[in-house]
Amino acid sequence: MSKNMTKDKLLLIDGNSVAFRAFFAMYQQLDKFKNAEGLHTNAIYAFKNMLDVVLKQEAPTKVLVAFDAGKVTFRTGMYKEYKGGRDKTPVELSEQLPYIREMLKDLGIKSYELVNYEADDIIGTLAKRGAEAGMEVAVVSGDKDLTQLASDHVTVYVTKSGVTKLEAFTPEHMKEVNGVTPTEFIDMKALMGDPSDNYPGVAKVGPKIASKLIQQYHSVENLYEHVGEMKKSKLKENLIAGKDNALLGKKLATINCDSPVEVTLDDLTYSGPNVDDLRRFYEKMNFRRFLADLAKAGELTEETTEVKKQEYTVLTANNLGEIPDSDHAVFYLAMLGDNYHQAPFAGFALAMGDKTFVSRDVALLKEEKLKTLLEDKKVEKDVFDLKRVTYGLSRLDIQAAGMTFDLLLASYLVDNEKNSNDLGELVKGYDYFDLKSDLEVYGKGKSAKIPEADEVFFNHLAGKIAAIKALKAPLLAKLKDHEQDDLFDTIEMPTAKVLAKMELNGIKAEPAKLKELEDDFGERLKALEEKIYQEAGEKFNINSPKQLGVILFEKLGLPVIKKTKTGYSTSVEVLDQLKEKSPVVSDILEYRQIAKIQSTYVKGLLDVIDPEDGKIHTRYLQTLTATGRLSSVDPNLQNIPTRTEEGKQIRKAFVPSTPDGYIYSCDYSQVELRVLAHVSGDANMQEAFKTGYDIHAHTAMRIFHLNSIDEVTPLERRRAKAVNFGIVYGISDYGLSKNLGISRKQAKEFIAEYFDQYPGIKAYMDQAVKDAREKGYAETIMHRRRYLPDIHAKNFNVRSFAERTAINSPIQGSAADIMKIAMINMQKKLDELGLKTKMVVQVHDELIFDVPKDELETVKKIVPEVMQSAVQLDVPLIADSGYGHDWYDAK
DNA sequence: ATTCTCACG
DNA sequence: ACGTACGTGAGAATA
C-alpha cells in the first residue's frame, strides 16, 4: 500500500475525437440543439454528458483535455498524405469546438494543444509521465488508436455507440479483442494500415492476418528478419512488396510519448468548476437540464435554498375542519415502492381551494370528512397514476370516485416516452424543475427510504401537488391539439379504473396443483440431468450457456452455427439444427423447456399467491408500451404457457373462486389482420373476412393461385399464415425466409404475389411510412400516437426499423384500442346486470372471467356480444370463447 | 447491472 | 450491401 493516502488519478481526454463522436452521437438532435444565436450545441451537450460520466466514474485529481493543433504535424513531415483525403469536418461541429473549450475552462479543466503534434502524442507523453510518477491514469478517446497506451497503470476508454458508454481497454482486454499486447497493436496497425489516417500498410492484410502474424513474430522488424523462412505464398510476396509501407506505418502509428509538452502534471490539478461562469455558459447555450443540475448541486452544498419552498399545512385529526369546501381537489398518495399492492404507505397530500395539506398518517384518510370527500364523485380529483391511487385507497377501504384527470395517463398519450412512474422525473420532460424525483429524495432499491425530516418530506409531497397543478392545463391543451381528448376521457381513464378492479379481483390459484407439477417436473429434470451428464461425459451446469457452449462446441466438437457477443449461442434455433448430430442436444432442449416452466411458472407463481385470499394479483402497466398495449408484471400473467403440453399444465392451476364455478375465456379472432383489412381498405381481404373464410387458407388460395379453398394443403396454409403475420410486422424477405426455412428468393416471390393479390395492403404500407415521415409519428384509429424520429435516420438499419414500426404500430395499437373499449363496455355490462362474474385477466386479444356456476349462461351470451361490438369496422369482429373448471379447460 | 434464453400475443 | 421480423417480462448466470 502506498503511504500516500490520496493517490493521484490522472484523466486524459482526446478532445477532438470525443467531440467528433459526441457530434454524431446526437446527430439526429442537431436541429433541436440550437441556442438563441442559432449555434448548434449538440456536441457540446454530449461532450458534457461524457465528462459527467467519466468524472464520476474515475474521480480524478488531475484532468487534461488534449486537442490537435492543426493539420501539419511531424507525421505529415514523414508522409505528406497522412490523414489526407478526409471529409471536411462539418461546420456544424467545428463551430462548436471553441465553445467546448470555453466550457472546459468554466469546468476548471485544462485544455492543451501543441504545434506539430497530435492530441494522441500529448496524451501519450502525459500518460507516461503520470505512470512514472505512480499515478493511475485513465485515457478517454473516440477511437482505438490510443489503446496502444494501455498498461498496468493506464486504462484506455473508448466511446461505444454514443459517448456515455465506454469500453475499457486494459492489456487483458486488448489481448481478448486483438490477440496481441498494446504495444504489439502498433505493429498490427503497421501491417494493416489505416484507411482513415490514409496510409496503406501491406496489401491484403487485414485484422485477422495481422493479428496472427504479430502473435507469431511480435514485431514488424522481427517479422521481416524471418520473412525469408516463410513458405512460398501470396502473403509472403505481399509482405515483401509492402515492407516499406509496413515500416512507415509503424512510424506513423506509434504515439510519441516524449513530446515536448510544456504543461506539468501539477498544472492539471482538478478542483471543480467555477459555478458562476458555468451558469452563464449554460444560459448562453440554453442548457436547461444542466442549469437545473447546477441549481440542485448548489442546494446540496448551501442547504439554504431548497428546491422550491412549498406552502402547506400539516394535517392532523384536529384540524380537518380547515379543509375548505370545494368541488375540485388534487390528491397524491405516497407509497414506498413500485408494487402498490403491498408497498408501505408513506403519506398523502391534498389540495382543496387554495390550500395544500400534507400528512404522513394515511389513517387520517379514513376519517369521515376525508373518506367522504374521496368517495364523492362530485368532487373532481386530479391525480398522478389513477390506478395506483385507486388500489392504494382500496387497501384503506376507501372506494375512490370522481378522479377525472390523471397526469400520468395524459402524458403517456401525448408522448408515450414521457411515462415515468416517478412524477418528479416525468415533469422534467416538460421543463418543470421545481420537484425532485422520488429517486433523488428517497434513494434507490433496498436503501430507499422516506426522509425523516418533516420539512423535506412534506415539501416533496406538496411539490407533487404543485407539479400536477402546473402541468394539467398544458397537457389538456396538448391532448386537444392531438385530437386525443376522446381517447383520454373515454378510453384511457376508464381503462385505468377497470384495470384497478381486475387487479383487485385477482385470479384464484391452486397451490396444490402447482406443487404436484413441481414434483413431476422435478423428477423429470433429475432424470434428464443424469442422462445429459452421461452423454456429455461430465457434470456441468446445464443452465449456463457458457458451460454448455464449452461442452457442445469444444468437447463434443459440434459445428458453431451462431455466436453471441460473449460466446457461442446455444438458443433453440441453434440447438434445433444440431439435434441430428448428437443425441444430447434433444435432451438439453427438453431439459431447458422443463426447467423454464419449473422455475418461471411453477415456482414463480407459488411465490406470488396472496396468502390472504389465495389469489394472484398482477399489476397491469398501462403506460409502458410503445403501441398502447398493456403489459403485466409481478407476476406476468400475459405469458402463461400455451404452446407445449407440459407448459399448458400450468393453466390447470388457475381456477374459479367459487365452488363449481367456471373460468371463461373469450378471444378475438385475427384482430390484427381485421384491423389491417379495415385501415388498408383492401377489397380482397375485406371480402374474405366478410364472407367468413379461414383467412390464412384464403390467402394461400390467392398467392398459390388455387381454384378453391378446398385445394389448399396444410403446408400452403402454414406458409400463407406466416406471410400474414409477416405483413403485420412490416415484412422482409429475409425474416420470412428465416421463419419458414425457405430461400430468400422464394420468400420474396411469396411477398410479391401477396402484394399482387392484396394491392390495398401494399398501398397501406407505403402510405404508413410516408405519413410517418411527414408527420413524425404513426397513429391508431383512436389517435394514439407513436413518434418515430428514426424514420429520417441516415443509417439504413435504424431507418428500416422505424419504417416497419410505422406499419406495425397502427395495427397493434388499434387492436389495443379496441380491446380497451371492449373491457370498459364489459365492466359496465357486468355492473349493470349486477353479476358476480369478474373480469380477471387480459392477454392482449383475450379476456378471462371468473364465473359463478349460475351465471355461465349469461356470460356466454354477453361477453362475445360486447367484444364483437366494441367498434364498428368495415369487416366483422369475431370473438371465440370457451370455458371449463380451470384455465386449461377454458379453450 | 447486463446478457442470454425463452414464455406469451 | 446493409441484417431484421412487431410488442412484452422473468429467471439464471455472470460480471
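How each quantity is defined
- Residues numbered from 1 in each chain as written.
- Chains lettered and ligands numbered in written order.
- Predicted model: local features only at pLDDT ≥ 70, side-chain atom pairs only at ≥ 80, totals over all residues.
- Heavy atoms only, no water.
- Helix = DSSP H or I, 4+ residues; strand = E, 2+ residues; numbered from the N terminus.
- Axes fitted to C-alpha atoms, helices over the stretch in contact; angles between N-to-C directions.
- Left-handed = near helix turned anticlockwise from the far one by under 90°.
- Contact = heavy atoms within 4.5 Å.
- UniProt positions renumbered as here; feature names shortened; annotations may be inferred.
- pLDDT = per-residue confidence, 0-100.
- Near = heavy atom within 4 Å.
- Polar contact = N/O pair within 3.5 Å; in protein donor to acceptor, adjacent residues only side chain to side chain.
- Nonpolar A, V, L, I, M, F, W, Y, C, P; charged D, E, K, R; others polar.
- Pairing = 2+ DSSP bridges.
- Core = buried A, V, L, I, M, F, W, Y, C linked by side-chain atoms within 4.5 Å.
- Buried < 20%, exposed > 50% of the residue type's maximum accessible area, 1.4 Å probe, protein only.
- Domains from an automatic or database assignment.
- Lys, Arg positive; Asp, Glu negative; His and termini not counted.
- Salt bridge = Lys/Arg side-chain N within 4 Å of Asp/Glu carboxyl O.
- Parallel < 35°, antiparallel > 145°, perpendicular 65-115°, else oblique.

This paragraph deals with unusual backbone geometry. Most peptide bonds are trans, and most residues other than glycine sit at a negative phi. Looking along the chain, the bond that leaves Asp634 and enters Pro635 is cis, with omega of 0°. Structurally, the position occupied by Pro635 is in the loop between strand S18 (631-633) and helix H26 (645-648). One non-glycine residue with positive phi stands out, namely Lys204, at about 65°. Note on placement: Lys204 falls in the loop between helix H8 (182-192) and helix H9 (207-217). A positive phi angle, near 65°, is found at Asp397, a position not held by glycine. Residue placement: Asp397 occurs in the loop between helix H16 (386-395) and strand S12 (403-406).

Two measures define how a pair of helices packs: the angle their axes make with one another and the distance between the axes. At a minimum axis distance of 10 Å, the contact between helix H2 (residues 42-58) and helix H5 (residues 97-107) shows a crossing angle of 35°. As for the relative orientation of H2 and H5, their crossing is right-handed in sense. Contacts between H2 and H5 involve Ala43, Ile44, Phe47, Lys48 and Leu51 on the former and, on the latter, Tyr99, Ile100, Met103, Leu104 and Leu107.

Taken from the UniProt record, the annotation "domain: DNA-directed DNA polymerase family A palm" (unreviewed entry) applies to residues 647-855. Along residues 647-855 the backbone is 58% helical and 12% strand, and the end-to-end C-alpha distance reaches 30 Å.

Further remarks concern the environment of Asn459. Residue position: Asn459 is located in helix H20 (residues 454-481). Remark: the alpha-carbon pair of Asn459 and Lys309, spanning 150 residues in sequence, is separated by 6.8 Å.

What follows covers the confidence of the model for chain A. Averaged over chain A, the pLDDT score is 92; the fraction of residues at 70 or greater is 97%. Note on residues 1-5: pLDDT is under 50 here. Beyond four places in sequence and across chains, it has 0 contacts. Predicted confidence is poor over residues 301-305, with pLDDT under 50, and the contacts of this stretch with residues over four places away or in other chains come to 2 contacts.

With respect to spatial proximity, 37 residues lie near DNA strand C, and among them Asn541, Ser544, Ser631, Tyr734 and Arg786 are the closest. A share of 64% of the atoms of DNA strand C within 4 Å of the protein falls on sugar and phosphate groups. One nitrogen or oxygen atom from the side chain of Ser732 is found 3.2 Å from a base oxygen belonging to DNA strand C. Between a base oxygen of DNA strand C and a side-chain N or O atom of Arg744, the distance comes to 3.2 Å. Elements with a minimum of two residues in the surface near DNA strand C: helix H23 (545-555), helix H25 (583-607), S18, helix H30 (714-729), helix H31 (733-740) and helix H34 (796-832). With 7 residues, the single largest contributor to the surface near DNA strand C is H34. Split into classes, the residues belonging to the surface near DNA strand C amount to 11 nonpolar, 18 polar and 8 charged.

Moving on, we come to the sheet that holds strand S20 (residues 662-668). Strand order in the open sheet formed by 4 strands is S23-S24-S20-S25, and the pairing between neighbours is antiparallel. If you trace the sheet from one side to the other, it starts and ends with strand S23 (838-842) and strand S25 (879-884), each paired once. Averaged over all adjacent pairs, the angle separating strand axes in this sheet is 25°, with direction ignored. Bridge analysis of S20 against S25 gives 6 bridges, and the strand direction is antiparallel.

Take the protein's contact with DNA strand B next. As a structural note, the neighbourhood of DNA strand B is formed by 22 residues, with Thr570, Lys596, Thr642, Arg643 and Asp845 the closest of them. For DNA strand B, the fraction of protein-proximal atoms (within 4 Å) that sit in sugar or phosphate groups is 79%. Thr564 has a polar side-chain atom sitting 3.1 Å from a phosphate oxygen of DNA strand B. In the environment of DNA strand B, a phosphate oxygen lies 2.7 Å from a nitrogen or oxygen atom belonging to the backbone of Thr570.

On to the sheet that holds strand S16 (residues 615-616), then. Reading across from one edge, S16-S13-S19 is the order of the 3 strands in this open sheet, with antiparallel pairing throughout. Sheet topology places S16 and strand S19 (654-655) at the edges, where each strand pairs with a single neighbour. Summarising the sheet, strand S13 (residues 507-509) and S16 pair through 2 bridges and their orientation is antiparallel. In the sheet register, Lys508 faces S16, and the bridge partner there is Lys615.

Turning our attention to the nonpolar core. Counting residues in each nonpolar core, the largest one holds 191 residues, and the members touching the most others are Phe331, Leu365 and Tyr668. No other element matches the 13 residues that H34 contributes to this core. Residue contributions to this core reach at least three from each of two domains, namely domain 3 (303-505) and domain 4 (638-682 + 758-791 + 811-891). When neighbours within four sequence positions are excluded, Phe331 is seen to be in contact with Phe348, Ala349, Leu350, Leu365, Leu374, Asp382, Val383, Phe384, Val389, Leu393, Ile465 and Ile468. Among the nonpolar cores identified, the runner-up in size contains 47 residues, and Val137, Ala210, Leu223 and Cys257 belong to it.

Residue position: Asp682 is located in the loop between helix H27 (671-680) and helix H28 (683-691). Look at Asp682: it is buried, it has no salt bridge, and the nearest opposite charge is Arg702 at 6.9 Å. A polar contact of 2.6 Å, which involves the side chain of Asp682, links it to the backbone nitrogen of Gly760.

Let us look at the pattern of salt bridges. One pass over the full model with this rule turns up 46 salt bridges. Notably, a salt bridge pairs Glu237 with Lys234, separated by 3.6 Å at the nearest N-O pair. With Glu237 and Lys234 both in helix H11 (residues 234-241) and 3 residues apart, this pair spans about one turn of that helix. Take Glu237: its relative accessible area is 40%, and that puts it in the partly exposed class. Here Lys371 makes a salt bridge to Glu375, at a shortest N to O gap of 3.1 Å. Of the two residues, Lys371 and Glu375 are both situated in helix H15 (residues 368-375); the distance of 4 residues between them amounts to about one turn of the helix. Classification of Lys371 by relative accessible area gives partly exposed; the value is 27%. On the basis of relative accessibility, which here comes to 29%, the residue Glu375 falls in the partly exposed class.

Glancing now at the side chain of Asp106. In this structure, Asp106 sits in helix H5. As a buried residue without a salt bridge, Asp106 has its nearest oppositely charged side chain in Lys105, at a separation of 4.9 Å. The residues contacting Asp106, other than those within four sequence positions of it, are Pro273, Asn274, Asp277, Leu278 and Phe281.

On to the packing of helix H29 (residues 695-703) against H30. For the pair H29 and H30, the least separation of the axes is 8 Å and the interaxial angle reads 100°. Here H30 runs roughly perpendicular to H29, going by the angle between their axes. Residues Ile695, His696, Ala697, Thr699, Ala700 and Ile703 of H29 lie in contact with H30, whose contacting residues are Glu716, Arg717, Ala720, Lys721, Val723 and Asn724. The class makeup of the residues in the contact of H29 with H30 is 6 nonpolar, 3 polar and 3 charged.

With that settled, the discussion passes to the pairing of strand S10 (residues 355-359). By the criterion of burial, S10 is predominantly enclosed, with 4 of the 5 residues buried. Looking at chain direction, strand S7 (residues 313-314) and S10 are connected through 2 bridges and run parallel. Counted as the bridge partner of Val314 is Val358 from S10. Pairing of strand S9 (residues 345-352) with S10, which is carried by 5 bridges, proceeds in the antiparallel orientation. Opposite Met352, over in S10, you have Lys355 as the bridge partner. Connecting S9 to the next strand, S10, in antiparallel fashion are 2 residues, including Gly353 with a positive phi near 55°.

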